[in-house]
Structure formats: C-alpha cells, structure tokens
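Single-letter residue listing:
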Amino acid sequence: MMRNLMKIVVCALGLSGATAAVAQQSPSQEIARAEFLPGWRQADGSHVAGLLIDLKPGWKTYWRSPGDAGIPPRFNWSGSRNIGDLRPVWPTPRVMDQNGMTSIGYPGDVVIPFVIRPDAAGREVQLRAQMELGVCKDICVPATLTFSGVLPRSGTRDPRLVAAMVDQPLSAAEAKVGKVTCRISPQAGGMTVTASIPMASAGGPEFVVIETANPAIWVSEAVTRREGRDLIAVTEMSHVNGTAFAVDRSRLRFTVLGHNHAVDIRGCAAR
C-alpha cells in the first residue's frame, strides 16, 4: 500500500497578531500531517480513497460548512486524470466554540473519504490535488497541502476509511423526519428563511446548518428553537456581490447536529 506523508505549508494571515504567532514557530514544528489513503475498488466500479489529516494536539480544522468563525476547506483536482466524478464524504462534525463564536469541524485528527468514479473504466486513475484549509488553536491560520497517488485496481479495505464512511448523519428517512417546509421573506439586502423540521430531538442542544447550492450566497448562523415536535431554524441569506438572487427550496440542505446524533435533510416545500 502506498504511504505518502506531507507537511502542511502554513501561510500567514493578513492579521498582525496571527502573523507574529506563526513567525515564532520553528521550521521543524508541524501543525499537521496528511496521509493519502489509496483505498479500494468497489463492486460498482467506483473507488473509495481518502485523506488522513493528523493534527498537532490542541489544533482543529473545519467541515465543508465551517460556520461564521471557520475557514471553508477547498479542493483543487485539476491535475488529476481519468476522473469522471469525485465526491468527498465528510464525517459527522462537531459544533465548537471559538472565542465566543460558533464553528463546525473536527477537534483533532480526521479522515475524509472520497468516492471516485473513473471516466474510463479499466484505465489508470491518477489523483493530483491541492487542499486549502484552516487550522486553529489560539489563532487560526490558512494552510495548503498537496497530495497525489495512483489508485490501485483492487486495493484493500482500510479500517480508517471504513470508520469515516460509517460516521455519517442519519438520513431524513432514518430519523423519521416529516415534511420540511420553508417560509422565505424578503428583507433589505437579501431574505430571511424560516424552516420547520418535524422530527424527534437529536439530543439537546440542537444546531442546524443550512446550505444552498450556490456558493455565492452567504448564509448566517441559524437561530434554532423547538415548537413541540417541530425544530424551527431561522437564517438570513444575501449574495456576496450584493445582487438579487433566487433560492431553490428543493436544493437547500439542512444538517441537524445534536448531542445524540446528526441528521442530513435535503430540500423543503413552500410554507
């Protein structure tokens, strides 16, 4: 099995305090290491591979939707070959407090699996990627790591990848979520979205992350409350360029993070 360890290259933030803190670290100190996990080929022809991010004690990194206090992770796969489709499978994150603000992510090591479908079956699949992410402790710094590898034609089931694939939120059906409805109200500079999610408690406190299909739409941290069986989440949305925009209710995504479990819900109906 191929093993590829990479050091994160830490970039200075445009904040004097953060820059000074980074400058005090010696070159030999590592905030994190990353290991490419080549994984295995599945019966349907897709491939499960992944990345282990090994964080230095006390450091954390972020989920795909990191919250107002987080730094969103981004992948660039442009150097890869023979990839028809690639989907990151994010393990269930935690709600974390960051200097009085909320962030969503992983307080420690994390494995991020990728489900990859080759463009041409039977041909070699080569990954060459760059990941930009944020890592935080007393300060937050952006970081960049690169990794590459050729996927094995068969491979073996890596228990770390298997565990990360299992560590997923429940689906709406599994959590017995009822019909989710949304009320959209215009406001200056954007709109307010109020979602009503009929579901049993995921274990208090419950936190709802709302995502749109358009990365240019900014979504505020949702304010949540309970009204009987209904979990109510209210958020504000605006376009990053200040322009008018539309919201497709069917493509809204709600992730309920509770003390006992998480739930992944897709879409809502008009209210």
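Residues numbered from 1 in each chain as written. Predicted model: local features only at pLDDT ≥ 70, side-chain atom pairs only at ≥ 80, totals over all residues. Heavy atoms only, no water.

### A short note on unusual backbone geometry
Only a minority of non-glycine residues have a phi that is not negative, and only a minority of peptide bonds are not trans. For the bond from Gly-204 to Pro-205, the omega torsion is -5°, close enough to zero to count as cis. By secondary structure assignment, the location of Pro-205 is in the loop between strand 15 (190–198) and strand 16 (207–211). A positive phi angle, near 60°, is found at Asn-82, a position not held by glycine. Within the secondary structure layout, Asn-82 lies in the loop between strand 6 (74–76) and strand 7 (83–88). (Helix = DSSP H or I, 4+ residues; strand = E, 2+ residues; numbered from the N terminus.)

### A closer look at the packing of aromatic side chains
Tallied over the entire structure, the rule returns seven aromatic pairs. When the centroid spacing of 6.3 Å and the interplanar angle of 25° are considered together, the rings of Phe-36 and Phe-147 count as stacked. Placement of Phe-36 in strand 3 (residues 32–41) and of Phe-147 in strand 12 (residues 140–150) is noted, with a sequence separation of 111 residues between them. Each member of the pair, Phe-36 together with Phe-147, is buried. With a centroid separation of 5.4 Å and 20° between ring planes, the pair formed by Phe-75 and Trp-77 is classed as stacked. Residue classification places Phe-75 among the partly exposed positions, given a relative accessible area of 21%. Ring pairs connect the aromatic residues Phe-36, Phe-75, Trp-77, Trp-90, Phe-114 and Phe-147, which therefore count as one cluster. (Phe/Tyr/Trp six-rings, centres within 6.5 Å; stacked < 30°, edge-to-face > 60°. Buried < 20%, exposed > 50% of the residue type's maximum accessible area, 1.4 Å probe, protein only.)

### With respect to the state of the cysteines
The final tally for this structure, using the stated rule, is two disulfides. Two residues share a disulfide in this structure: Cys-136 and Cys-140, whose sulfurs sit 1.9 Å from each other. On the S-S bond that ties Cys-136 to Cys-140, the torsion sits near 120°, and the link is right-handed. The buried category is assigned to Cys-136, whose relative accessible area is 1%. Residue pairing for Cys-182: its cysteine sulfur links by disulfide to Cys-268, the two sulfurs lying 2.1 Å apart. Between Cys-182 and Cys-268 the sulfur-sulfur dihedral comes to about -115°; the bridge is accordingly left-handed. On the criterion of sequence distance, the pair formed by Cys-182 in strand 14 (residues 181–187) and Cys-268 in the loop between strand 21 (262–266) and strand 22 (269–270) is long-range, its members being 86 residues apart. Both residues of the pair, Cys-182 and Cys-268, belong to the buried class. Sequence-ordered numbering of the bonded cysteines in the protein chain yields a pairing of 1-2, 3-4. (Disulfide = S-S within 2.5 Å.)

### Structural notes on the pattern of salt bridges
For the coordinates displayed, the defined rule picks out nine salt bridges. Salt-bridge contacts for Arg-225 lead to Glu-227; the nearest nitrogen and oxygen are separated by 2.9 Å. Residue Glu-227 is classed as partly exposed on the basis of its relative accessible area, which comes to 42%. In this structure, the salt-bridge partner of Arg-253 is Asp-264, at a minimum N-O distance of 2.8 Å. Of this pair, Arg-253 sits in strand 20 (residues 253–257) while Asp-264 sits in strand 21, and the two are 11 residues apart along the sequence. Residue class for Asp-264 comes out buried when judged on its relative accessible area of 16%. Residues joined by salt bridges that share partners form a network here, namely Glu-35, Asp-158 and Arg-160. (Salt bridge = Lys/Arg side-chain N within 4 Å of Asp/Glu carboxyl O.)

### So, the side chain of Ser-238
Among the structural elements, Ser-238 can be located in strand 19 (residues 230–239). Contacts of Ser-238, omitting those with residues within four sequence positions, involve Gly-189, Gly-190, Ala-216, Ile-217, Trp-218 and Phe-245. (Contact = heavy atoms within 4.5 Å.)

### Description of the sheet that holds strand 21
The strands making up a sheet are joined through hydrogen bonds of the backbone, oriented either antiparallel or parallel. The strand order across the open sheet built from four strands is 13-21-20-16, with neighbouring strands paired in mixed fashion. The open sheet terminates on both sides in strands that have one partner only, identified here as strand 13 (170–171) and strand 16. (Pairing = 2+ DSSP bridges.)

### Looking at the environment of Ala-200
Positionally, Ala-200 belongs in the loop between strand 15 and strand 16. A residue is classified by how much of its surface remains accessible, and Ala-200, at 42% relative accessible area, is partly exposed. Separated by 30 residues in the primary sequence, Ala-200 and Asp-230 have C-alpha atoms spaced 8.0 Å apart.

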